[in-house]
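Structural features, examined
Read off the chains here:
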Amino acid sequence: MKLNSDLTANEAQGFEIYHFAREGMQGYNLQEKYREMGFINVYKYYDHNDVNEYAMQREMGKKGARFWVYGHFGFEVIKTDDGRRLERLTDDWQEQIEKQVAALKEQGLWDYVLGFDFDEPMLHVSNDKFFKVSEYLSRYGKRQRAIFSSYEIFEGAHPRSTDPEFGMEAHLIDKESCKYLTDIGWDEYWSLDYDVRKNAYDEMKRRIGRDDVYIWYVPCTWAFFGNRLGQEHCVKHLNLCYQMLCEEKNPGGLTCYNWYSFKDGGAEGESLDWKFAEENKSRWYTLENRMVEIGNEIIKKPLNRF
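As the structure is a computational prediction, the values presented were derived from the model and not from experiment. (Residues numbered from 1 in each chain as written. Predicted model: local features only at pLDDT ≥ 70, side-chain atom pairs only at ≥ 80, totals over all residues. Heavy atoms only, no water.)

Notes on the sheet that holds strand 8 (residues 183-186)
Overall, parallel pairing links the eight strands, which are arranged 1-10-9-8-7-6-3-2 in an open sheet. Strand pairing shows two members of the sheet lacking a second neighbour, strand 1 (14-18) and strand 2 (42-44), which therefore form its edges. In this sheet, neighbouring strand axes are inclined to one another by 25° on average, regardless of whether the strands run parallel or antiparallel. With four bridges joining them, strand 3 (residues 66-70) and strand 6 (residues 113-119) adopt parallel strand pairing. Bridging from a neighbouring strand, Phe67 pairs with Val113 of strand 6. Sheet contacts for helix 4 (residues 127-137): strand 6 and strand 7 (143-148); angle to strand 6, the most-contacted strand, approximately 180°. (Pairing = 2+ DSSP bridges. Helix = DSSP H or I, 4+ residues; strand = E, 2+ residues; numbered from the N terminus. Axes fitted to C-alpha atoms, helices over the stretch in contact; angles between N-to-C directions. Contact = heavy atoms within 4.5 Å.)

And the structure:
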């Protein structure tokens, strides 16, 4: 593994591909190939209880890469006997955190953890429960990133926003619930309208209530469910996200979104793993080349310090 930057990932803006080649499924060889190309500095941490994988991750860390650890400790959504949806934290959520941290230290990977990552957290638990987990994680001194959906930013956007049982206000981000977040972003894959995107980020920042956070953009880099989006759209979306990232006061990076579906999994091959596969006769070279180009630029840009 190499990194085409003199900066480690906790010193630089980040470039990552979310869900790429997940868990050794179709396209895993591409992840190995891209590690050697050196344009990605941030990865997801997956634990397959494999000593060889731990050794590989340690080597990546020594070269400057860093890992996000999934932060949804104890998040649980259940249906009650009478059919109601109930979001809750399991009784052992603190124990889950402590076990994960201990395992990372035992694996020799703790020093290479960039932070804890949340994916649309307020769709899984209410604000007060999210705050409890985030506050507890803050004791470890790592960054905390949350990528939010429109439902968590815009009042009335959620289909259940008028349902008293859902409690809309308990799922819209606010200053208190996001107190310990260091990084934030918004995931939306359709619009190529600059103003639409800026409005969403402005509203997200307003709700956070502070500017000492790193801002991440989430380019669409897969064909969406059923191959509804093509390579041209993805390139335009990527370029727009990069443009807006460069305009930010405190840019955090790009997390290029890929859904982990694969050509042999009945998902019609919309995954980036298939779009970039060498055996794909319709391989997306244009998007790949642009991602490599942008990644190599971003990982050389130092992160602002607060």
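Brief notes about the nonpolar core
Among the nonpolar cores identified, the biggest contains 86 residues, and Phe15, Phe148, Leu254, Leu287 and Met291 are the most heavily contacted of them. No other element matches the eight residues that helix 6 (residues 231-247) contributes to this core. Apart from the residues lying within four places of it in its own chain, the contact partners of Leu287 are Thr221, Gln231, Cys234, Val235, Leu238, Leu272 and Phe276. (Core = buried A, V, L, I, M, F, W, Y, C linked by side-chain atoms within 4.5 Å. Buried < 20%, exposed > 50% of the residue type's maximum accessible area, 1.4 Å probe, protein only.)

Topic: the pairing of strand 8
Burial along strand 8 is two-sided: Asp183 and Gly185 and Ile184 and Trp186, pointing in opposite directions, are all buried. Pairing geometry for strand 7 and strand 8, over four bridges, is parallel. The partner of Phe148 across the bridge, within strand 8, is Trp186. Sheet analysis places strand 8 next to strand 9 (residues 214-217), joined by four bridges and oriented parallel. Bridge pairing links Ile184 to Ile215 in strand 9. Once you follow strand 8 into helix 5 (residues 194-208) and on to strand 9, the crossover reads as right-handed. (Right-handed = clockwise from strand over helix to strand, strands pointing away.)

A look at unusual backbone geometry
Located in the positive-phi region is Glu120, a residue other than glycine, with phi close to 50°. Residue position: Glu120 is located in the loop between strand 6 and helix 4.

Thoughts on the packing of helix 5 against helix 6
Interhelical geometry of helix 5 versus helix 6 gives an angle of 50° and a closest axis separation of 11 Å. By the angle class used here, helix 5 and helix 6 are oblique. Our pair here, helix 5 against helix 6, has a crossing hand that is right-handed. Of the residues in helix 6, those in contact with Tyr194, Arg197 and Lys198 of helix 5 are His237, Leu240, Cys241, Gln243, Met244 and Glu247. Taken together, the residues of the contact of helix 5 with helix 6 sort by class into four nonpolar, two polar and three charged. (Parallel < 35°, antiparallel > 145°, perpendicular 65-115°, else oblique. Left-handed = near helix turned anticlockwise from the far one by under 90°. Nonpolar A, V, L, I, M, F, W, Y, C, P; charged D, E, K, R; others polar.)

A word on the pairing of strand 3
Across the five residues that make up strand 3, a large majority, four, are buried. As paired strands, strand 2 and strand 3 are joined by three bridges and run parallel to one another. Considered in strand 3, the bridge of Tyr43 is made with Phe67. With respect to chirality, the unit in which strand 2 leads through helix 2 (residues 51-62) into the neighbouring parallel strand 3 is right-handed.

Quick notes on the pattern of salt bridges
Applying the stated rule across the entire model yields 21 salt bridges. The salt bridge partner of Lys63 is Glu59, with a shortest N-O separation of 3.3 Å. Residue classification places Lys63 among the partly exposed positions, given a relative accessible area of 39%. What makes Glu59 partly exposed here is its relative accessible area of 33%. Across the pair Lys236 and Glu232 runs a salt bridge whose closest N-O atoms are separated by 3.2 Å. Remark: Glu232 and Lys236 occur in helix 6; sequence separation between them is four residues, near one turn of the helix. (Salt bridge = Lys/Arg side-chain N within 4 Å of Asp/Glu carboxyl O.)

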